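Summary of the model geometry
Next come the chains, spelled out residue by residue.
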Amino acid sequence: MSVLTLGLIFGVVTLLIMFSGISIAFALGIVAIIFMYFFMPASSLDTVAQNVYEEMSSITLMSIPLFILKGAAIGRSRAGKDLYDALHVWMGKVPGGLGVANVFACALFAAMAGSSPATCSAIGSAGIPEMRKRGYSPGFAAGIIAAGGTLGILLPPSITMILYSVASEQSLGRLFLAAIGPGVMLVIFFSMYTIMRFRKEYASAYEAYNLNSAVTSPILDRHTYTMQQKISALPRVLPFLVLLIGVMVALYGGYATPAETAGLGAVFAFVLIALIYGMWRFKDLYPLLDVTIRESSMLMFIIGMSLLFANVMSYLHLSQSAAQAIVDLHTSRWLLLAAILLMVVVLGFFLPPVSIILMTSPIFLPPLRAAGFDLIWFGVVMTIVMETGLIHPPVGLNIFVIKNIAPDITLREIIFGVMPFVAIMIFSVVLLCFFPEISTGLSDWVMGPPLS
């Protein structure tokens, strides 16, 4: 049987099993075992458990449950609301300051929790009702939180970046540093759009008020805060900034490995919630440990089965043949990049970022390396493209998280609210293609140019 025929059968079987409704982890594992049974030596089935264990025994992967534990400690406490309240007070004078405060709160919370859904839930549960109360349109308020939540898989510590580091065999420290510049850029662009959209909604409300003074909107009300109120809000956010800075210093100062840094972050997060919120009893900590075990188990199952799936593809020479076929097209390197990113967008309709990275890396990375692309830079670009998958229809995860915490906002309003942010992300990817230094500049400055 030719490799092409085998590859087509492999792809069809994978799609059929995935669309059957089986969990992604088990779907990938079933496909791998089926093809091991029919096309690989019988002895390979005897070593499935050993192979999966060996693939998951990476020190880098060990940091994932620890980062999830740290995120649970922050996300399941009142940290999100306190962070949001403090930023709201300090940005009160900025036009659309409430919306900008939500963007910044999402960014800071994402940098501590590392999870997009957790960021949406923690900040959105406080931010969306407050924005609605202040006259923001439902779709606008939902779009700010949904898009802000996507920063969770870009800003370090990002679980998605950890997986890409394993799949591409690239430095995790460089990936984390390379994500900071684009992450800050997205925060700025989101904030700029928020201010412009706020001015438009404010102008519409003001015009309606001038035509009929009985038609007023809360968006016209001005809220100011005294310096005393601003100073009193600082203790709510400073401990978490200390946590964030401390973790980054430990990692990039060479004091701890990524896994050790994750452990330090989790311990410090638990100390903070114990001291600030009094969460130290077992009944307080049990929900945090429970959600950590559940999410870590789910994620590690997906990782293990995805890596087994990728190994079967490699043994059957499917990934190598696909990569070689792409190289043999002799197309422009930028056309190659565009085609790959378009495929990532399409996969984002159906699969989470974890599966996309682990399933496609063996196919995409060799041609990109041969075309001369920096794989650190590509990791950041691919992550931003996958971020759009979290908020674009039909199955954007953050869209449904927002729908869950704000059920009175229609799905149509949420989708129209997030589309401008999708356009901003696409523009950011184009900008990174023209100016890759936005991503690679900081990592090269801190860690030196990569060895060729």
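Residues numbered from 1 in each chain as written. Predicted model: local features only at pLDDT ≥ 70, side-chain atom pairs only at ≥ 80, totals over all residues. Heavy atoms only, no water.

Observations concerning helix α14 (residues 282-315)
Between the first and last C-alpha of α14 there are 48 Å, a value that for 34 residues agrees with the 50 Å anticipated at 1.5 Å per step. Looking at the residues trailing α14, positive phi occurs at H317, about 60 degrees. (Helix = DSSP H or I, 4+ residues; strand = E, 2+ residues; numbered from the N terminus. Expected span 1.5 Å × (residues − 1).)

A look at the pattern of salt bridges
Going through the model one piece at a time under the given rule, you end up with six salt bridges. Linking R134 and E130 is a salt bridge whose minimum nitrogen-to-oxygen distance equals 2.9 Å. Each of the two residues, R134 as well as E130, counts as buried. With its nearest N and O atoms 3.0 Å apart, the salt bridge here joins D408 to R132. Note that D408 is positioned in the loop between α19 (397-405) and α20 (411-434) and R132 in helix α8 (residues 116-133), a separation of 276 residues in sequence. The partly exposed category is assigned to R132, whose relative accessible area is 29%. The structure contains a network of salt bridges with shared partners spanning E130, K133 and R134. (Salt bridge = Lys/Arg side-chain N within 4 Å of Asp/Glu carboxyl O. Buried < 20%, exposed > 50% of the residue type's maximum accessible area, 1.4 Å probe, protein only.)

Focus: helix α12 (residues 227-252)
Each turn of an α-helix holds 3.6 residues, which means side chains three or four residues apart point in the same direction. The terminal C-alpha atoms of α12 lie 35 Å apart, and with 26 residues this matches the ideal 38 Å at 1.5 Å per residue to within 8%. A maximum bend of about 40 degrees is found in α12 at R236, where proline P239 lies one to four positions downstream. Among all positions of α12, only K230, A233, V237, F240, L243, L244, V247, M248, A250 and L251 are buried. Residue G254 follows α12 closely and has a positive phi angle near 80 degrees. (Bend = angle between axes of the 7 residues up to and from the residue.)

Some thoughts on the side chain of T194
Within the secondary structure layout, T194 lies in helix α11 (residues 172-211). Residues in contact with T194, not counting those within four places in the same chain, are G96, G99, V100, V103, F140, I144 and F421. (Contact = heavy atoms within 4.5 Å.)

Looking at the packing of aromatic side chains
Scanning the model with the defined rule gives 15 aromatic pairs in all. Taking the centre distance of 5.6 Å and the plane angle of 40 degrees together, the rings of Y136 and F198 count as tilted. Highlighted residues: Y136 in the loop between α8 and α9 (138-149) and F198 in helix α11, separated in sequence by 62 residues. In terms of burial, Y136 and F198 fall into one category: buried. A ring pair is formed by F282 and Y286, whose centres lie 5.8 Å apart and whose planes are at 50 degrees; its orientation type is tilted. One end of the pair is F282 and the other is Y286, both in helix α14 and four residues apart, which spans about a single turn. Looking at F282, the relative accessible area reads 62%, which means it is exposed. On the accessibility criterion, Y286 (46% relative accessible area) is partly exposed. Every member of this aromatic cluster is reached through a ring pair, and the members are Y136, F140, F190, Y193, F198, Y202 and F421. The ring of W334 has R333 sitting right over it, with the charged end atom 5.2 Å from the ring centre. Geometry around F373 places R333 over its ring, the cationic atom sitting 4.1 Å from the centre. (Phe/Tyr/Trp six-rings, centres within 6.5 Å; stacked < 30°, edge-to-face > 60°. Lys NZ or Arg CZ within 6 Å of the ring centre and 35° of its normal.)

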